[in-house]
Amino acid sequence: MSITSGIVFQVLQSVLVVLIAPLMLGWVNQCRAWLQNRSGAGIWQPYQVLNKLFHKDAVLAHNASSLFRATPYILFGCMWLAVGIVPVLATSLPFAPAADVIALVGLFALARVFVSLAGMDIGTSFGTLGARREMMIGFLAEPAMLMTLFTASLISHSTSLVTIVETLAHRELVIYPSMAFAAVAFLMVLLAENARIPIDNPATHLELTMIHEAMILEYSARHLALVEWAASLKLTAYITIGIAMFLPWGIAQAGDWAGLLIALAVLAVKLALAGAGLALLETISAKMRIFRAPEFLGTAFMLATLGMLIHFLLEI
Amino acid sequence: MELLLVLGVPFAGGIVLAFWGHRRFAPELNSGMSLLTLLAAVGLTARIIADGPILVWNETFFVDSFNVFLVALTAFVAFTTSLFSRPYMRIELNHGRLSPNRLRLYHSMYQMFSFTMLLALLTNNVGILWVAMEAATLTTVLLVSLYRTPASLEAAWKYFILCGVGIAQALFGTILLYFAAEKVLGSGGTALLWTHLNEVKGELEPTVLGLAFVFLLVGYGTKVGLAPLHNWLPDAHAEGPTPISAVLSGLLLNVALYAVVRAKVLAEGALGTHFAGNLMMGFGLLSVVVAAFLLSRQKDIKRLFAYSSIEHMGLMTFAFGMGGALATFAGLLHMTVHSLTKSAIFFAVGHAAQKSGTQVMADIRGLIDSNPTIGWGLMIGSLAILGTPPFGVFASEFLLLTAAMHQQPWATPFLLAALGVAFAAIFGKVQPMVFGTATAKRLPHPPALIPVFVHLAIVLLLGLYIPPYLAEWYRQAAALIG
Amino acid sequence: MPSLPLSSQLINLFAALLLLLAFAMLTQRRILSLINLFALQGFVLVLSTGVVAYSTHQTHLYYSALLTLILKVLLLPWILHRLIRALNVRWDVETLIDIPATMLIGIVLVIFAFNLATPISQIAGTITRSTLGIATASILLAFLMMITRRKAVSQVIGFLAMENGLFFAATSATYGMPMVVELGIALDVLIGTFIFGVFFFHIRETFESLDIHHLEKLKER
């Protein structure tokens, strides 16, 4: 494994995930449509939306600050970085040492701060509403997320995502109850952080029920395109982190081209299944009242803590 | 033989009365069954005195001097209570507080309750002991709520839930006990047999036994009525029909304490320290003090005497916790005399409440005038339970205090203070009830008060003179308990 | 770290599921779901006992598992379903403390239970010894459920769940109690449930509701 092949793999991975993120979102929406007995807009619809948005002129409010204009780029950058360093195709990449789960949580938190500030920047009530709700969800989701990641890292004795993947991918199949608990908790946090049902309906047009959408109501054209792209990147990032922690088999070593093809195929299958699963979950659940969200996230936290406790009791 | 009769008669009686308990002859049938049980118990006792401890039917049942005297006591009090319940229930039926169908439930469950208590006393298997204790709770729950008033439903619910939770703790303790025993005795039925456990108690794992004892004490202690787990007791005694209050107070508490003492023997053998005894002393002392101070706040006569039961059970637990020949002798004697006296008091109280139509003490006055037997029964009974010489309770309390002064002098002031407070409270409340101008009316049926005076006479006798075989018996039991 | 044999892994998985179900029961609001969760808990117990029976060749555990199946998965939930249909009780609208706080207290109890059980687990000789902590935890959680509920039916289900935990403790510490004791316990549980059922009707008749607050009038005066 040489430096160049490592860099090539890294670039390949980063570009690939950026390009397929909207496809992931499109696939999820299409599955939802099928489950709801509609014909749907096709899996390429997000690309068409992005194309349309990039060709429009951006309209900004008079009192929009530079923060407002910079946030889409920051958001996009954070998410791209997050997805880039998660080992989806291969381990031992040059950026791998940065793929620490806590650093990832920090990246997401950074993105959240900026988008909340941008939501409040213009001074409309919906923006502030969305920002406050987003902060509440984030405040509750972050401990749950951290606890999940700690539980997952207990078995591998490291918080580096790469080490976790390598340890679990190359072990024989063992049923770890603590990982099972952590997986369920992670799923709940995924739903909360990515503004999916049952926390937030991404397809809603009723502003009073919005969380994520409310913050970005003021964006248009290229800014909105970047924000939407960043949202799909965030979803892909979460799904790939989940796959890396809980279903890591099939991943390649850097420099192994044959393994890379297998890894691509395996990744495609995993992402497709994950998307379909997410769509199924969204279809069978209903959006819960915002005041039930703390219970939901509290359950996630509790599950993750339970997983950790069970690890200490049963698996040592 | 006798043991089969002792267990078989109440069980059969329960089934028979389930069909015929509402007929006119049901109370007599009930008493007849209890009499048969008593005779069988006396026969069993005679055999034990003659032959010593016996193991029956493949080691399933074990009768030694400790439990046989409790068996005899249980059968006796059950019999006298059934005699009392005849006129009492007739009056209740007359007053319209009960229907014949409920009487059927009552009679059938009364016999089943006797069966479960006797089973708990006679079994050698610690697991079956648990099953029998739980069954005893189950048989009495519906009886406490027999009147179907809101208060009685609440009392029965509390009783069920609290005792149920307590019994669950006891089950956990039994599981832990089995766990420790299995290592030494191997799995299979023998690890739960008390006789075997007693032989190997020195080899049982101390930490596990300690933990097991804590759970068993908390669990069975709830049924004994130890503070702070006593909440169900005043309500259950006050709201249920009086015969049930009498057997709960006089018998069930004793059986639960018996279970605790059996556990204590094992725990002390395994641990080698005084941990088990100290725990029992602590709980016992707490119960005595809490009950004594709550006595003065009571307005309902049955609740008053229920708290008195808590106090006396606390005294007994303290005695057994102290250990040593004198304290254990005092505990055993106290078990007997408390049982007899408390049931006698409840008999008198029951009729007094029926006469006045209320259980509130402020509304009951002048019992001596309206019905001298009830009035004197209550007065003498109260004096007896308060430890007035020459009654038996005085003798046992005196022995207990003497033992305490030798072994645990720090506890003596608490005990004396509590006993004094209890005396003042109860006497102060009973006196205006018995004397004063009469407010009560005549009862439709003549009350049954022979049981009252028979009990009190026995207690008086035991205070003055303990027959030698009885003393020897207590001594043997005390030696068993250590 | 060498991995455990498949049977131990399965038992650990079932134990974890049991704990999860105990927590789920703690946070459920609908009584119908509570009963289904209770039945599911019984089913997990049956599976777990079956695996232990298979791997340790203790045939009496098969009977024990069968008994549990009949009693706790089929009979008791059926009785409870009929009861709530007859009593028209569906929701337990409020709990005494709100649900996130209940969950936090539950976690503290779990930690306490694990600490309590560790010294005993080390002495145990069964393959299931590490699950004793989980058994203790589910007992304590069921107890918490009993005391934080308002409707009588939920308290009863908590009581039965505690009984489940005790059964699991017996299986994990000692490969189950002798059959005669288990039969006795099963009989007690069944009769207890019947009596509870009768009770509910009485309570409903007198109070027109099954809210426990009606049953708190007797206090120290």
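The residue numbering used here restarts from 1 in each chain and proceeds along that chain's sequence as written. Chains carry letters from A onward and ligands carry numbers from 1 onward, assigned in written order. Local features are withheld for residues below a pLDDT of 70 in this predicted model, meaning they are given only at 70 or higher, and side-chain atom pairs are given and counted only at 80 or more; totals for whole chains, interfaces and linings count all residues.

### Considering the overall build of chain C
Applied cut-off: To qualify as a helix, a DSSP run of H or I must reach at least 4 residues; to qualify as a strand, a run of E must reach at least 2; elements of each kind are numbered from the N terminus. Between the buried cut of 20 or more and the exposed cut of 12 or fewer other C-beta atoms within 10 Å of a residue's own C-beta lies the partly exposed class, and all C-beta atoms are placed from the backbone. The contact rule is simple: place each C-beta atom from the backbone, and if two of them lie within 7 Å, those residues are in contact.
Each helix and strand counted, chain C has seven helices and zero strands in total. In chain C, the order of α-helices and β-strands from amino to carboxyl end is α-α-α-α-α-α-α. With 221 residues in all, chain C has 51% of them scored as buried. A separation of at least 24 residues holds for 74% of the contacts in chain C among residues at least 6 apart in sequence.

### A few points about the arrangement of the chains
In this assembly two pairs of chains touch, with chains B and C having more contacts than any other pair. Regarding chain A and chain B, which are not in contact, the minimum distance between any of their C-alpha atoms is 19 Å.

### A look at the interface of chain C and chain A
Filter applied, for reference: Here the nonpolar group is Ala, Val, Leu, Ile, Met, Phe, Trp, Tyr, Cys and Pro; Asp, Glu, Lys and Arg are the charged ones; every other residue, Gly included, is treated as polar.
On the chain A side, the residues contacting the 20 residues of chain C number 17 residues. Among the secondary structure elements, those contributing two or more residues to the side of chain C that touches chain A are helix 1 (6-27), helix 4 (99-123) and helix 5 (132-147) of chain C. Counting residues per element, the side of chain C that touches chain A draws most heavily on helix 1 of chain C, which supplies nine residues. Classifying every residue of the side of chain C that touches chain A by side-chain character gives 14 nonpolar, six polar and no charged.

### Focus: helix 7 (residues 179-207) of chain C
An α-helix turns once every 3.6 residues. As a result, residues three or four positions apart point the same way. Stated formally: Any helix carries an expected span of 1.5 Å times its number of residues minus one.
With 29 residues, helix 7 of chain C extends 41 Å between its outermost C-alpha atoms, agreeing within 8% with the 42 Å of an ideal straight helix rising 1.5 Å per residue. On its buried face, helix 7 of chain C sits against helix 5 (126-144) and helix 6 (150-185) of chain B together with helix 3 (59-87) and helix 6 (152-174) of chain C. Downstream of helix 7 of chain C by one or two residues, Glu208(C) has phi in the positive range, about 60°.

### Quick word on the interface of chain B and chain C
Contact with chain B, which involves 36 residues of that partner, is made by 36 residues of chain C. Listing elements by their share of the side of chain B that touches chain C, those giving two or more residues are helix 5, helix 6 and helix 8 (206-224) of chain B. With 16 residues, helix 6 of chain B is the largest single contributor of residues to the side of chain B that touches chain C. Each residue belonging to the side of chain B that touches chain C can be placed in one class, and the counts come to 21 nonpolar, seven polar and eight charged.

### So, the nonpolar core
For clarity, the threshold we go by: In this description, a nonpolar core means buried residues of the types Ala, Val, Leu, Ile, Met, Phe, Trp, Tyr and Cys, linked to one another by C-beta atoms lying within 7 Å.
Of all hydrophobic cores here, the largest spans 367 residues; its most connected members are Ala82(A), Val71(B) and Ile175(B). For this core, the leading source of residues is helix 6 of chain B, giving 23 residues. Setting aside chain neighbours within four positions, we find Ala82(A) in contact with Leu104(A), Leu107(A), Phe108(A) and Ala237(A).

### Some words on unusual backbone geometry
Glycine aside, residues mostly have negative phi, and peptide bonds are mostly found in the trans state. Cis geometry marks the peptide bond from Ile197(A) to Pro198(A), where omega comes out at 15°. Relative to the helices and strands, Pro198(A) is located in the loop between helix 7 (177-193) and helix 8 (212-215). Look at the link from Ala227(B) to Pro228(B): it is a cis peptide, with omega at 0°. Inspection of the secondary structure puts Pro228(B) in the loop between helix 8 and helix 9 (232-239). Positive phi is not limited to glycine here, since Ala221(A) has a value of about 50°. Structurally, the position occupied by Ala221(A) is in helix 9 (residues 221-246). Classification of Ala221(A) by C-beta neighbours within 10 Å gives partly exposed; the count is 16. Even without a glycine there, the phi angle at Arg148(B) is positive, about 60°. When you line up the elements, Arg148(B) lands in the loop between helix 5 and helix 6.

### Section: the confidence of the model for chain B
Basically, it comes down to this: Values of pLDDT, the confidence the predictor places in each residue, fall between 0 and 100.
Of all residues in chain B, 97% attain a pLDDT of 70 or more, and the chain-wide mean is 84. Across chain B, helix 12 (residues 301-322) of chain B holds the top mean pLDDT of 90, while helix 19 (residues 468-481) of chain B sits lowest at 74.

### As for the environment of Asp200(A)
Mapping Asp200(A) onto the fold places it in the loop between helix 7 and helix 8. In this structure Asp200(A) touches Ala195(A), Met210(A), Ile211(A) and His212(A), once residues within four positions along its chain are discounted.

### Some remarks on the packing of helix 1 (residues 3-35) of chain A against helix 9 of chain A
In helix packing, the relevant descriptors are the interaxial angle and the interaxial distance, both defined with respect to the helix axes. Residues and elements named next belong to chain A. Note the cut-off: In this analysis an axis means a line fitted to C-alpha atoms, helices contributing only their contacting stretch, and an angle means the value between N-to-C directions, from 0 to 180 degrees. An angle counts as roughly parallel when it lies under 35 degrees, as roughly antiparallel when it exceeds 145, as roughly perpendicular when it falls between 65 and 115, and as oblique in every other case.
Across the interface, helix 1 lies against helix 9 with an axial gap of 8 Å and an inter-helix angle of 90°. The angle between the axes of helix 1 and helix 9 places the two elements in the roughly perpendicular class. Packed against helix 1, whose contacting residues are Val-17, Val-18, Ala-21, Pro-22, Met-24 and Leu-25, the element helix 9 presents Trp-229, Ser-232, Leu-233, Leu-235 and Thr-236 at the interface. Looking at the contact of helix 1 with helix 9 residue by residue, the classes come out as nine nonpolar, two polar and no charged.

### Topic: the packing of helix 10 (residues 242-271) of chain B against helix 12 of chain B
Residue and element names in this part refer to chain B. Spelled out, the test is: We call a crossing left-handed when the near helix sits turned anticlockwise from the far one by less than a right angle, and right-handed when that turn is clockwise.
It is at 11 Å that the axes of helix 10 and helix 12 come closest, and there the two elements cross at 20°. On the basis of their axis angle, the class for helix 10 and helix 12 is roughly parallel. Of the two elements, helix 10 crosses helix 12, and the hand of that crossing is right-handed. Taking contact as the criterion, the partners of Ser-245, Ser-249, Leu-253, Leu-257, Val-261 and Lys-264 in helix 10 are, on helix 12, Lys-302, Ala-306, Ser-309, Met-313, Met-316, Thr-317 and Phe-320. Of the residues belonging to the contact of helix 10 with helix 12, the class tally is seven nonpolar, four polar and two charged.

### Comments concerning helix 3 (residues 65-95) of chain B
All names here are of chain B. What counts, and what does not: Two axes define the bend at a residue: one fitted to the seven residues ending there, one fitted to the seven starting there, and the bend is the angle between them.
Over its 31 residues, helix 3 runs 44 Å from end to end, which matches the ideal 45 Å to within 8%, given 1.5 Å per residue. In helix 3, a bend of some 35° at Ser-85 exceeds every other bend along the element, and Pro-87, a proline, comes one to four places later. Count one or two residues on from helix 3 and you reach Gly-96, which has phi positive near 85°.

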